[in-house]
Amino acid sequence: MDREKYKSLVETFFGWDQPAILSILEELLTAAAVSDPRHPARVMSQNYETAAANPEIHVLPGNLKDARDAIFPYFWGTDGWDSPLHLENVRGPANRASLIGAFACLLKNPNLCTDRYSQRSNELEVKAITTLANLIFYHTQEPWGVFTIGGTISNLYGAKIGVEKVVPGAMQHGLGQQRVVGLCSSASHYSNKTVAGWLGIGTQQLIEVATDENLSMRLDLLEQQLKELYAEGAKVAFVVATFGTTDGFGIDDIAGIRSVIEAVAERHSQPTPQLHVDAAVGWALAFLTEYDSVANPLQFSQSLLNLVGRAQAQCVGLRSADSVTIDFHKMGRGHYPSSAFIVNRRDDLKYLARDVSQTPYFSEADARRDPALFTLECSRPAIGPYAVMASLNGIGLNGWRMLVARGLELAERLKQGLEQLEYCQVLNRHTPGVSVNWWVLPKGRNAKEIFDKLLAGELSEDQRLRYFSEVKRSIEKREKSVDPSLDARLGFTTDFGFRPHGISIPAWKAVFFNPATSDAIVDRILVSIEEMT
Ligand SMILES: *Cc1c(COP(=O)(O)O)cnc(C)c1O
């Protein structure tokens, strides 16, 4: 081997040429800064044909600029969602405190498997988890948990604990011939199905319980369903309560679910199912838990205080959970992946534990603290803990309260505005969150009357299909007529979660995740609907 060439290769790619690194970082930062927030649609078009047909790898060793050039068009062609006009879905711009945290993490690249590979970063994970746990469970004695690569995996951890509780040793000998089931609401996230499939209980064994109009699981139906399942001899491993459904921000009555599952399980001499709460979207309401509405130090308006009061009442339910999923990369505006799985009582992690003999290359792992002994993943990124601790402490509790409250305020403004238009119907009027689902029908229609008929089962199939296609056509029409530099970008769902008589209901959708979205942007949505219809 040519030693000189080798030496220069190592120096370029493993040395620390700070000016070279800094200069490329500055170029990237500048490029990120110039993307005009008023033109969110103007990103480069994709070139998938070549991506698959023309794989690319240089032959000769180059330099850091080659690394830059290899990724730059794709970086440039990606929208960071900084524009306040983005209201399509549960995604917002990542906050800059998170950027500092995530960047620090990249510089050290720890692996959160054992202390040996992560040192104080492992400690940071414990701190981040405990902080989030105290926010969610309020007064909790010994919470524990880990960061995962997403809400799906966090939900998987919760479900897996439930499976081990009702089929002890399933981790070793499998489910055998047992019928194992889980329950969730019909408005819950599809990841619960993914989990049921991947856990091997089968997607058909995930039983969906219908919700009421507010997207909240019906407790009478839950009770009935549980009794039937026990009577059939099924093992009920888990119930997933949703705290903030993805489209409509529906919240399940967690304390109510707790009472039902304990009572019914006891009557059938069965272990209580794991009560896992999927708070991937809604967890951030917990920032408001201790807000003093009387002293009102942040000077919230009376109508905002009402919303805050409702959010506080909902947060009490979280204390009844056994475990919870928190996506900090959603309302925490943190970098991906920053999802946390947290148990209320550390003892529950024993259901996931393996011993050191099963982790040969982590033979020094210590069961008191090293996640390698119970996590699904081996190599684990530390972006989550870094993004979370930097964001929580940079922005501060009162900062978070303002951010969450502002989202509630904007959603309420849109709901109230839409209520003035008789051809529009807000579908999630009473969910206490940052998203709005609604219908826009042609002018002249009475949307409320049509909705009430749908609830009463008085619409013929023909009528229903006609109205639903009008809702779809109206948003297509809007998309053609908007000015992308001024008009908000809205989302659409074919099923916002509440299904009266089993019918999926389509809806327009707006989610207020971007802190820079203004009252004027909301008002313009209303004007554009009026002008269009
Ligand atoms: C987004 C979401 C998930 C999935 O989380 P990922 O982080 O995208 O894997 C699960 N549940 C709910 C309610 C969600 O909104």
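Small disclaimer: the values here were computed from a predicted structure and weren't measured.

J.: Would you mind showing me how to read the overall build of the protein chain here?
T.: A tally of regular secondary structure across the protein chain gives 16 helices and 11 strands. In summary, the protein chain has a C-alpha radius of gyration of 25 Å against a globular reference of 24 Å for 533 residues, a match within 12%. With the principal axes as the frame, the protein chain shows a C-alpha extent of 80 × 60 × 55 Å. For the protein chain, the proportion of its 533 residues judged to be buried stands at 50%. Put simply, 71% of the contacts in the protein chain that link residues at least 6 apart link residues at least 24 apart. For the protein chain, the separation between the mean place of its 53 positive charges and that of its 62 negative charges on side chains is 0 Å.

J.: What exactly am I supposed to notice about the pattern of salt bridges here?
T.: A side chain of one charge can pair with a side chain of the opposite charge when the charged atoms of the two come close. Tallied over the full model, the rule gives 30 salt bridges. Across the salt bridge formed by Glu232 and Arg179, the nearest N and O atoms sit 2.8 Å from each other. Of this pair, Glu232 sits in the loop between α10 (219–231) and β4 (235–242) while Arg179 sits in the loop between α8 (170–173) and β2 (180–185); the two residues are 53 residues apart in sequence, bridging distant segments of the chain. Using a relative accessible area of 53% as the deciding quantity, one classes Glu232 as exposed. Here Asp452 and Lys448 are joined by a salt bridge, their closest N and O atoms 2.9 Å apart. Separated by 4 residues within a single helix, Asp452 and Lys448 lie in helix α14 (residues 447–456), roughly one turn from each other. What makes Asp452 partly exposed here is its relative accessible area of 35%. Three or more residues joined by partner-sharing salt bridges are found here, namely Arg406, Glu409, Arg413, Asp519 and Asp523.

J.: I would appreciate a short explanation of the site of the ligand in the present structure.
T.: Surrounding the ligand, one finds 13 residues, the nearest of these being Gly151, Thr246, Asp278, Asp327 and Lys330. Separating an oxygen atom of the ligand from a side-chain N or O atom of Thr152 is a distance of 3.2 Å. Contact distances for the ligand include 2.9 Å between an oxygen atom and a side-chain N or O atom of His329. For the ligand, whose unbound accessible area comes to 380 Å², protein coverage reaches 85%. By residue class, the composition of the shell around the ligand is 2 nonpolar, 8 polar and 3 charged.

J.: Could you clarify how one ought to interpret the sheet that holds strand β7 (residues 339–343) in this entry?
T.: One key point about sheets: their strands pair by backbone hydrogen bonds, in either a parallel or an antiparallel sense. Here 7 strands make up an open sheet; going across it, the order is β1-β7-β6-β5-β4-β2-β3 and the pairing mixed. Where the open sheet ends on each side, the last strands, each with one partner, are β1 (144–148) and β3 (206–209). In this sheet, adjacent strand axes meet at a mean angle of 20° when their direction is disregarded. Direction of pairing for β1 relative to β7: antiparallel, over a ladder of 5 bridges. Directly across from Trp144, in β7, lies its bridge partner Val343. Strands in contact with α10 are β2, β3 and β4; relative to β2, the strand with the most contacts, it is inclined by about 170°.

J.: What is the right way to look at the packing of helix α7 (residues 151–166) against helix α9 (residues 191–199) in this model?
T.: Between two packed helices, what matters for the description is the angle formed by their axes and the separation of those axes. Viewed as axis vectors pointing N to C, α7 and α9 meet at an angle of 50°, and their least axial separation amounts to 9 Å. The angle between α7 and α9 falls in the class oblique. For α7 against α9, the interelement crossing comes out right-handed. Contacts between α7 and α9 pair Thr152, Asn155, Leu156, Ala159, Lys160 and Val163 from the former with Ser191, Asn192, Thr194, Val195 and Leu199 from the latter.

J.: When you look at helix α13 (residues 383–419) in this model, what are you seeing that I'm missing?
T.: In a regular helix each residue adds 1.5 Å, so 37 residues correspond to 54 Å; α13 covers only 42 Å between its end C-alpha atoms and thus falls short of that length. Along its length, α13 reaches its greatest deviation from straightness, about 90°, at Gly396.

J.: Just checking my understanding: could you explain the packing of aromatic side chains for this structure?
T.: Aromatic ring pairs are reported here in terms of the distance separating the ring centres and the angle at which the planes meet. Per the counting criterion, the structure on display carries 11 aromatic pairs. Pairing Phe72 with Phe75 gives two aromatic rings, centres 5.8 Å apart and planes at 50°, and the pair type is tilted. In this pair, Phe72 and Phe75 both sit in helix α4 (residues 64–76), 3 residues apart, roughly one turn of the helix. Phe72 gets classed as partly exposed once you look at its relative accessible area, which sits at 28%. The structure contains a cluster of three or more aromatic residues connected by ring pairs, namely Trp283, Phe287, Phe328 and Trp400. Over the aromatic face of Trp144 sits the side chain of Arg346, whose NZ or CZ is 3.8 Å from the ring centroid.

J.: Just to check I follow, could you spell out unusual backbone geometry for this structure?
T.: Only a minority of non-glycine residues have a phi that is not negative, and only a minority of peptide bonds are not trans. Cis geometry marks the peptide bond from Tyr336 to Pro337; its omega dihedral reads -15°. Tracing the backbone shows Pro337 in the loop between β6 (323–327) and β7. Backbone geometry places Leu215, a non-glycine residue, at a positive phi of 65°. Among the structural elements, Leu215 can be located in the loop between β3 and α10. On the basis of relative accessibility, which here comes to 0%, the residue Leu215 falls in the buried class. Despite not being glycine, Asn296 has its phi angle at roughly 45°, a positive value. Here Asn296 shows up in the loop between β5 (274–278) and α12 (302–315). On the basis of relative accessibility, which here comes to 15%, the residue Asn296 falls in the buried class.

Criteria and thresholds
- Residues numbered from 1 in each chain as written.
- Predicted model: local features only at pLDDT ≥ 70, side-chain atom pairs only at ≥ 80, totals over all residues.
- Heavy atoms only, no water.
- Helix = DSSP H or I, 4+ residues; strand = E, 2+ residues; numbered from the N terminus.
- Rg over C-alpha atoms; globule rule 2.2 N^0.38 Å.
- Buried < 20%, exposed > 50% of the residue type's maximum accessible area, 1.4 Å probe, protein only.
- Contact = heavy atoms within 4.5 Å.
- Lys, Arg positive; Asp, Glu negative; His and termini not counted.
- Charge placed at Lys NZ, Arg CZ, Asp CG, Glu CD.
- Salt bridge = Lys/Arg side-chain N within 4 Å of Asp/Glu carboxyl O.
- Near = heavy atom within 4 Å.
- Polar contact = N/O pair within 3.5 Å; in protein donor to acceptor, adjacent residues only side chain to side chain.
- Areas by Shrake-Rupley, 256 points an atom, 1.4 Å probe, with all protein chains shown as cover.
- Nonpolar A, V, L, I, M, F, W, Y, C, P; charged D, E, K, R; others polar.
- Pairing = 2+ DSSP bridges.
- Axes fitted to C-alpha atoms, helices over the stretch in contact; angles between N-to-C directions.
- Parallel < 35°, antiparallel > 145°, perpendicular 65-115°, else oblique.
- Left-handed = near helix turned anticlockwise from the far one by under 90°.
- Expected span 1.5 Å × (residues − 1).
- Bend = angle between axes of the 7 residues up to and from the residue.
- Phe/Tyr/Trp six-rings, centres within 6.5 Å; stacked < 30°, edge-to-face > 60°.
- Lys NZ or Arg CZ within 6 Å of the ring centre and 35° of its normal.

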